[in-house]
Amino acid sequence: MTPSSTELDALVHRVLLPGFVGTTAPDWVLRRAERGLGGVVLFSRNVVDGEQVRALTGALHEARPGLLVSVDEEGGDVTRLESATGSSFAGAAVLGAADDVDLTRATSAGIGALLAESGVDWTLAPDADVNSNPDNPVIGVRSFGADADLVARHVAAAARGLQDDAGILACAKHFPGHGDTAVDSHVGLPVVGASADELRATHLAPFRAAIDAGVATIMTAHLRVTSLNADAPATLSAAIVTDLLRGELGFDGLVVSDALEMAGVAAYCGLEEGAVRALLAGVDALCLGGELADEDVVDRTARTILDAVGSGRLPLERLVEAAARVDALAARRGTAAPGLVAAGRDASVRAAGRALRVSGDVRVVRAPVVVTLQPAAMVA
């Protein structure tokens, strides 16, 4: 049955996940929500404090109860809700160094419970990258470590803490692995030269573990994997999204793109064209507006997708499938048990103690000089 123009418009909006500027929901976002917008991504620019975030998420959910509010809340260096002061939860590198999956699960449950209290549905975490390249400019301490088995067990624990304990949708990223790169996909197109066997033995292991743990979503990476696809970034590659992730690994949840305005896609084929190619590759939700957060970006992207459906280039069935996965994801939202935030922060303190490495005599015998380094926030 051919959908009406209104139904088609709703399908297109359902696969969009834009960001926006401001600490209240802009009129254009609320209008789009009424037209079927699938979700939004919050950044630190949208956050003042807990009360303000709850008002913001409440307004978004009132505009469309099925709308998904997502955020990058990894703990450690990458936080949105606590960006003004720094995260009160340990990051992945600390948890990996402590190597206690119970502490990782408790910390992740605490993060999830804080998000639940704030009205957020979905965190774009945990990071499932194996940080095997010490020159990596964008993953680093966001990864649990350089050992695939260690990363795999902690990714699984984090996913369970977020979803099973806190009722927050989790997202393993950046598929098929951003750890063995020396270029930041925000500013360029990284190339992964690992063989297919190396990729399967190392970088895919945490994603397998996440899938086994029931992770709800997986985010694609904007990088080229020469052994799997010679030219296209992974986000735009059916060989990687459909054949590898869906077919070989058996993932049946929602696939979300990393932000399409990042240079890994935008400089390759343009944001709007990238949206169509990502859908064709098998991606279900399109992340927009980390840097380009306005209605014009959403307008241009929606029109390009509509044109692709109208011309037959993008099969209607693929758009319907993607929109259905967004709806199915919204139906998976849960609730958090009380006390998880405090327990998560306590687990983080214990993990930090276990992760500490001491060399030599560190006794303080006189008044110390303390130097605080405050670098500019990185784009991630």
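Up top you'll find the structure we're talking about.
Residues numbered from 1 in each chain as written. Predicted model: local features only at pLDDT ≥ 70, side-chain atom pairs only at ≥ 80, totals over all residues. Heavy atoms only, no water.

A. Representation of the sheet that holds strand E2 (residues 39-42). Ordered in space as E2-E3-E4, the three strands form an open sheet in which the pairing is parallel. Two strands close off the open sheet at either side, each with one partner strand: E2 and strand E4 (122-123). Inspection of the sheet shows strand E3 (residues 68-71) paired to E4 by two bridges, in the parallel sense. When the bridges of E4 are listed, valine 71 appears paired with threonine 123. (Pairing = 2+ DSSP bridges. Helix = DSSP H or I, 4+ residues; strand = E, 2+ residues; numbered from the N terminus.)

B. Representation of the pattern of salt bridges in the model. Inspection of the entire model under this criterion finds 26 salt bridges. We note a salt bridge from arginine 80 to aspartate 72, for which the minimum N-O separation is 3.5 Å. Accessibility assignment for this pair places arginine 80 and aspartate 72 in one class, buried. Note that arginine 153 and aspartate 99 form a salt bridge whose closest N and O atoms lie 2.9 Å from each other. (Salt bridge = Lys/Arg side-chain N within 4 Å of Asp/Glu carboxyl O. Buried < 20%, exposed > 50% of the residue type's maximum accessible area, 1.4 Å probe, protein only.)

C. Spatial organisation of empty space enclosed by the protein. Under the definition given, this model contains two cavities of 30 Å³ or more. Roughly 180 Å³ of internal volume is contained in the largest cavity. Together, 20 residues line the largest cavity, and Glu74, Gly75, Ala92, Pro126 and Phe144 are the ones closest to its centre. Counting only elements with at least two residues in the lining of the largest cavity, the list comes to helix H4 (92-98), helix H5 (101-117) and helix H6 (148-165). The element best represented in the lining of the largest cavity is H5, accounting for three residues. Residues of the lining of the largest cavity, tallied by class, amount to 11 nonpolar, four polar and five charged. Of the pockets and cavities examined, the second largest cavity occupies roughly 30 Å³. Surrounding the second largest cavity, Arg14, Val15, Leu16, Leu17, Leu68, Trp122, Leu254, Ala285, Val326 and Leu329 form its lining. Sorting the residues of the lining of the second largest cavity by element identifies strand E1 (16-18) and helix H13 (316-330) as the ones contributing at least two each. (1 Å grid on protein atoms, 1.4 Å probe; cavity = no way out; pocket = protein on both sides within 12 Å on 5 of 7 lines; lining within 4 Å. Points joined across faces, edges and corners; volume = space filled by probe spheres on them. Nonpolar A, V, L, I, M, F, W, Y, C, P; charged D, E, K, R; others polar.)

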